[in-house]
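# Structural overview
Take a look at the letters that make up each chain.
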Amino acid sequence: MKDNLLTKILVSFVLAILAGALIGPSIEIVKPLGDLFLRLIKFIIVPLVLASLVVGVASTGDMKKLGRMGGKTVAYYLLTTALAVTIGLVLGNVFAPGAGLDLPAIEEKVEPKEAPGLMDTLVNIVPTNPIAALVEGNMLQIIFFAIFLGLGITMLGDKVKTVQSFFEQLAEIMYKITGLVMRFAPIGIFGLVAPIVGKYGLSVLMPLLKLILAVAVGSILHTVITYSTSVKLFAKMSPVKFFKGIAPATLVAFSTSSSAGTLPITIKSTEENLGVSRKVSSFVLPLGATINMDGTALYQGVCVIFVAQFFGMDLTFAQQLTIILTATLASIGTAGVPGAGLIMLTMVMTSVGLPLEGIALIAGIDRILDMFRTSVNVTGDASAAVVVAALEGELASGQVDQVKGTISA
Ligand code: ASP
């Protein structure tokens, strides 16, 4: 039964698309099933990240190894993100989704938000009250707290054995719960996807079809080219095995549009299906779900070009370079929740002086674009876990050869 979970998810996916297309907006009635699934995976996140990261750091055993792992992780994240924006810009230019477009009114409104400055973001990583950070679910602050707890445990060693075992066991329990929740995934995914398809029938999508296509093609290109190359090159892992192993997480990301929400499944898939050690997965993945958003960066690249074309503005080469920089930063600051990327897009648009009304053009279909970018975000995090694990000698090669392509409870 366990082994065909991925198949069940795929079937429910196809059924959801059919049901949404045939029934239309009234399929909304199944939405509570989707919401329930979303809440179930979200409720795992905070205790899971805290416990697994504490264990991850405590078991690393020394600062040097941790620093090395951190350096590699961040370098990989920055590099792939910059590459993703570049692909986005190229596709925006090739597809020209905004050229000669005469858009009907799109009613959805977004409040453009000033993105927090880089300094503020950095300073805010340090929580003044770690318990408040846990309560609010502030990921970066939780990561900070967990790393220091882990370091403290390492330094004190045997004296604090009980606390260490407590976190080890808590992590174990959260993994178990993730497995249980995943059994509900086929139903939950149906509840998430069918209403979206029902709401956005073809007629809503048509005028912006080129934009959707540009983002979708970009997502596929970045995923296939960048991640295949990196897992093959650094981890000698077959890309097919990689994609199959991470598929449950990619599909959940597509359905939920939240990389933070998908995190428990990303961790489980990379460990069980791709052979990444817990030490690496529990460090690289929570960080990735918070700061690494290749899909979001790519989408911002495409959308900026789209808006520029729509308003008949030409972007100079220097402006396009500015976009690569700001989109990389903006994607780091994007929270792993639905719709966050659209708000951060305002920051990128401001950096090259584009009219913010452009956001309204995209808002109507943003949920669809979000599905693509979140899948890329999550797959990118997993590729980093595989690469860092390989570089750190933390990849179980035996397991890599027998990818199960599914998650067991
Ligand atoms: N929904 C995306 C994510 O969670 C963030 C975004 O809106 O770009 O990864």
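A brief structural summary. The model shown is predicted, which means the values in this text are computed figures rather than measured ones.

### So, the site of the ligand
Residues in close proximity to the ligand total 17 residues, the closest being Ser259, Thr296, Gly341, Asp370 and Arg373. Measuring from a nitrogen atom of the ligand, one finds a backbone N or O atom of Ser257 at 2.9 Å. Protein contacts shield 100% of the accessible area of the ligand, which totals 270 Å² for the unbound molecule. In this structure the site holding the ligand corresponds to the largest cavity. With four residues, the top contributor of residues to the shell around the ligand is helix H18 (residues 366–391). For the shell around the ligand, a count of residues per class yields five nonpolar, 10 polar and two charged.

### Topic: empty space enclosed by the protein
Tallied over the full model, the rule gives one cavity of 30 Å³ or more. Taken together, 16 residues line the largest cavity, and the ones lying closest to its centre are Ala335, Val337, Asp370, Thr374 and Asn377. Residue assignment for the lining of the largest cavity shows that the elements contributing at least two residues are helix H16 (340–351) and H18. Per-element tally for the lining of the largest cavity: the top contributor is H18, with four residues. Along the lines of polarity and charge, the residues of the lining of the largest cavity split into four nonpolar, 10 polar and two charged.

### Digging into the packing of helix H12 (residues 259–274) against helix H13 (residues 278–291)
Following both chains from N to C, one finds H12 and H13 inclined at 155°, their axes separated by 10 Å at the closest point. In this view, H12 runs roughly antiparallel relative to H13, as classed from their interaxial angle. Considering only the axes of H12 and H13, their crossing is right-handed. Across the interface between the two elements, Ser259, Ala260, Leu263, Thr266, Ile267, Thr270 and Glu271 from H12 touch Arg278, Ser281, Leu285, Pro286 and Ala289 from H13. For the contact of H12 with H13, the class distribution of residues is six nonpolar, four polar and two charged.

### Focus: the environment of Ala289
Here Ala289 is to be found in helix H13. Taking the C-alpha atoms as reference points, Ala289 and Gly336, 47 residues apart in sequence, are found 6.2 Å from one another.

Definitions and limits used
- Residues numbered from 1 in each chain as written.
- Predicted model: local features only at pLDDT ≥ 70, side-chain atom pairs only at ≥ 80, totals over all residues.
- Heavy atoms only, no water.
- Near = heavy atom within 4 Å.
- Polar contact = N/O pair within 3.5 Å; in protein donor to acceptor, adjacent residues only side chain to side chain.
- Areas by Shrake-Rupley, 256 points an atom, 1.4 Å probe, with all protein chains shown as cover.
- 1 Å grid on protein atoms, 1.4 Å probe; cavity = no way out; pocket = protein on both sides within 12 Å on 5 of 7 lines; lining within 4 Å.
- Sits in = over half its atoms within 2 Å of the grid points.
- Helix = DSSP H or I, 4+ residues; strand = E, 2+ residues; numbered from the N terminus.
- Nonpolar A, V, L, I, M, F, W, Y, C, P; charged D, E, K, R; others polar.
- Points joined across faces, edges and corners; volume = space filled by probe spheres on them.
- Axes fitted to C-alpha atoms, helices over the stretch in contact; angles between N-to-C directions.
- Parallel < 35°, antiparallel > 145°, perpendicular 65-115°, else oblique.
- Left-handed = near helix turned anticlockwise from the far one by under 90°.
- Contact = heavy atoms within 4.5 Å.

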